[in-house]
Amino acid sequence: MNCQDVNDLLPELALGDLRPEVRRDVERHLAGCEACSDTRATVEALHASRPDVPAGLEARILDAVHAELGTDVASGAGEAAGGVLRLEPRRRRGLPSWALGAAALLALAVGTPLMVSRMAEAPTVADDETLVMAERTLTPSVWASDDGLIAGEPALDGLSDEELLALLEELEAGA
Amino acid sequence: MMPARRDDPELDDTLVERAQGGDAHALDTLIRRHYELAYRVALGLVRDPDLAADVVQDAFVKATRGLDGYRGESSFRGWLATIVKNEGRSALRSAGRRNESDIDAVAPIAAPGSGAAERTILRDEARRVRAHVDRLPEKQRLAVTLRIDQGLSFREVGEMIGSSEGSARVNYHHGITKLRTWLTEESA
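All names here are of chain B. Summed over the entire model, instances satisfying the criterion amount to four cavities of 30 Å³ or more. Taken as a whole, the largest cavity encloses approximately 60 Å³ of empty space. Taken together, Leu 27, Leu 30, Ile 31, Phe 60, Ala 63, Thr 64, Leu 67, Phe 76 and Trp 79 make up the lining of the largest cavity. Those elements that place two or more of their residues in the lining of the largest cavity are helix H2 (24-46), helix H3 (49-65) and helix H4 (76-95). Within the lining of the largest cavity, the residues separate by chemical class into eight nonpolar, one polar and no charged.

Residues and elements named next belong to chain B. Their axes nearest at 8 Å, the elements H2 and H3 cross at an angle of 135°. Between H2 and H3, the angle falls in the class oblique. When the axes of H2 and H3 are compared, the crossing they make is right-handed. Contact with H2, carried on its side by Leu 27, Ile 31, His 34, Tyr 35, Ala 38, Tyr 39, Ala 42, Leu 43 and Val 46, involves Pro 49, Leu 51, Ala 52, Ala 53, Val 55, Val 56, Phe 60 and Thr 64 of H3 and no other residues of that element.

All names here are of chain B. For the coordinates displayed, the defined rule picks out four aromatic pairs over all chains. An angle of 45° between the planes, with centres 5.1 Å apart, marks the rings of Tyr 70 and Trp 79 as tilted. According to the relative accessible area criterion, Tyr 70 is buried, its value standing at 5%. Seen from their ring centres, Phe 154 and Tyr 172 are 5.4 Å apart, and the 65° between their planes marks the pair as edge-to-face. Remark: Tyr 172 occurs in helix H8 (residues 165-187) and Phe 154 occurs in helix H7 (residues 154-161); sequence separation between them is 18 residues. One aromatic cluster is present, built from ring pairs that chain together Tyr 70, Phe 76 and Trp 79. Geometry around Trp 182 places Arg 135 over its ring, the cationic atom sitting 4.1 Å from the centre. The residue whose ring lies beneath Arg 147 is Phe 154, and the NZ or CZ to ring-centre distance is 4.6 Å.

With that settled, the discussion passes to the environment of A:Pro11. One can find A:Pro11 in helix H1 (residues 3-15). A:Pro11 sits 29 residues away from A:Arg40 along the chain, and the two C-alpha atoms are 8.5 Å apart.

Moving on, we come to helix H2 (residues 20-31) of chain A. Quick reminder: α-helices carry 3.6 residues per turn. Residues three or four places apart thus point the same way. Residues and elements named next belong to chain A. Here H2 spans 16 Å end to end across twelve residues, near enough to the 16 Å set by a 1.5 Å rise per residue. Three or more residues of H2 are buried, namely Val 22, Val 26, His 29 and Leu 30. Axial view of H2: buried residues confined to an arc of 100°, hence all on one face. Exposed and oriented more than 90 degrees from the buried face of H2 are Pro 20, Arg 24, Arg 28 and Ala 31.

What follows concerns the pattern of salt bridges. Residues and elements named next belong to chain B. Enumeration according to the criterion identifies 17 salt bridges over all chains in this entry. Taking the shortest distance from any N to any O, the salt bridge between Arg 33 and Asp 12 comes out at 2.9 Å. One end of the pair, Arg 33, is in helix H2; the other, Asp 12, is in helix H1 (residues 9-20), and 21 residues separate them in sequence. The exposure class of Arg 33 is buried, given its relative accessible area of 9%.

Residues and elements named next belong to chain B. Of all residues in chain B, 81% have pLDDT values of 70 or greater, and the mean over the chain is 83. Element-level mean pLDDT values for chain B span from 73 in helix H5 (residues 116-133) up to 96 in H3. Ignoring residues within four places in sequence, the model shows residues 1-5, a span with pLDDT below 50, making 17 contacts including any to other chains. Within the model, the stretch residues 99-113 combines pLDDT values under 50 with 35 contacts to residues more than four positions away or in other chains.

With respect to the element layout, B:Arg40 can be found in helix H2. Lacking a salt bridge, the buried B:Arg40 has B:Asp149 as its closest oppositely charged neighbour, with an N-O distance of 4.6 Å. A polar atom in the side chain of B:Arg40 sits 2.8 Å from the backbone oxygen of A:Pro51. When sequence neighbours within four positions are dropped, the list of residues in contact with B:Arg40 reads A:Arg50, A:Pro51, A:Val53, B:Leu142, B:Leu146, B:Asp149 and B:Gln150.

Rules behind the numbers
Residues numbered from 1 in each chain as written. Chains lettered and ligands numbered in written order. Predicted model: local features only at pLDDT ≥ 70, side-chain atom pairs only at ≥ 80, totals over all residues. Heavy atoms only, no water. 1 Å grid on protein atoms, 1.4 Å probe; cavity = no way out; pocket = protein on both sides within 12 Å on 5 of 7 lines; lining within 4 Å. Points joined across faces, edges and corners; volume = space filled by probe spheres on them. Helix = DSSP H or I, 4+ residues; strand = E, 2+ residues; numbered from the N terminus. Nonpolar A, V, L, I, M, F, W, Y, C, P; charged D, E, K, R; others polar. Axes fitted to C-alpha atoms, helices over the stretch in contact; angles between N-to-C directions. Parallel < 35°, antiparallel > 145°, perpendicular 65-115°, else oblique. Left-handed = near helix turned anticlockwise from the far one by under 90°. Contact = heavy atoms within 4.5 Å. Phe/Tyr/Trp six-rings, centres within 6.5 Å; stacked < 30°, edge-to-face > 60°. Buried < 20%, exposed > 50% of the residue type's maximum accessible area, 1.4 Å probe, protein only. Lys NZ or Arg CZ within 6 Å of the ring centre and 35° of its normal. Expected span 1.5 Å × (residues − 1). Arc of directions from axis to C-beta. Salt bridge = Lys/Arg side-chain N within 4 Å of Asp/Glu carboxyl O. pLDDT = per-residue confidence, 0-100. Lys, Arg positive; Asp, Glu negative; His and termini not counted. Polar contact = N/O pair within 3.5 Å; in protein donor to acceptor, adjacent residues only side chain to side chain.

Shown next, in the form of structure tokens:
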């Protein structure tokens, strides 16, 4: 095995991808060749400083592509990926962020007086569901953030898409 | 641990055909198979992680728009790499090229050892040698990083940088030799 052969194989040596008998030959050459040994050190250092792929990049690309297509990301995330699978938590799916923001603002504008009026009409002991809904709706510190999502205390942000839509329908029907 | 190899052109062609027919799952699978490689190509070009992420995202959007135009004359990975490189160069033109890296004098790289002290030294030197990579000419930089960071063969590196296998090998070895030379000069 000459210097050219050994240098070609140094990345695989760094990766641990060489068959034992090939690795033995490479190591034997390196033990007696200062130039190749220096090159090995360079390759090892490069390998040790290999930059990571940013976490969440896969999801970001998929979101951008599907936003372009107007479709949703297919299931099976990561099934074909062999490297980084550190996906960042995805935002709630089902409604675009602008719709959630608009829905929340509408709910605040219409829902608060409606809920107050309903609570006034409610029996002395309201059922649990009514109380939970009122508590969620009337919780302060709800603000529309720049991207249309809700910031601050949980309040409406804690509702699922289905709950939010149901609330809106109910509010619109009652308004 | 290195990512799994994604060099299966026949599978790619099948996925492309299905994606061209409107199969969103096939499109997602193509993206998942190749986004890491696309990122490393972009990073090798623009040398900035945030900009590389923007580049690779834009490249995939453009590749999706142009997927119907892909006829399989080259491999899908090669076709995608061309789009990534075009996007990367466009991004560099927009951002203005960065100046050459300002690299402090560094100590020579030691042979890897097994002890904790040797590992610490190697980590420090690893950061230093990585900084030198940015000084390499584009093809040498890509050949070195794709060979070592992504574990591509010389044939695959050639496919990514638009050259032959032999040219990829030459670019790689020239790049490694320059890195060694710069490190030696710094230690003198």
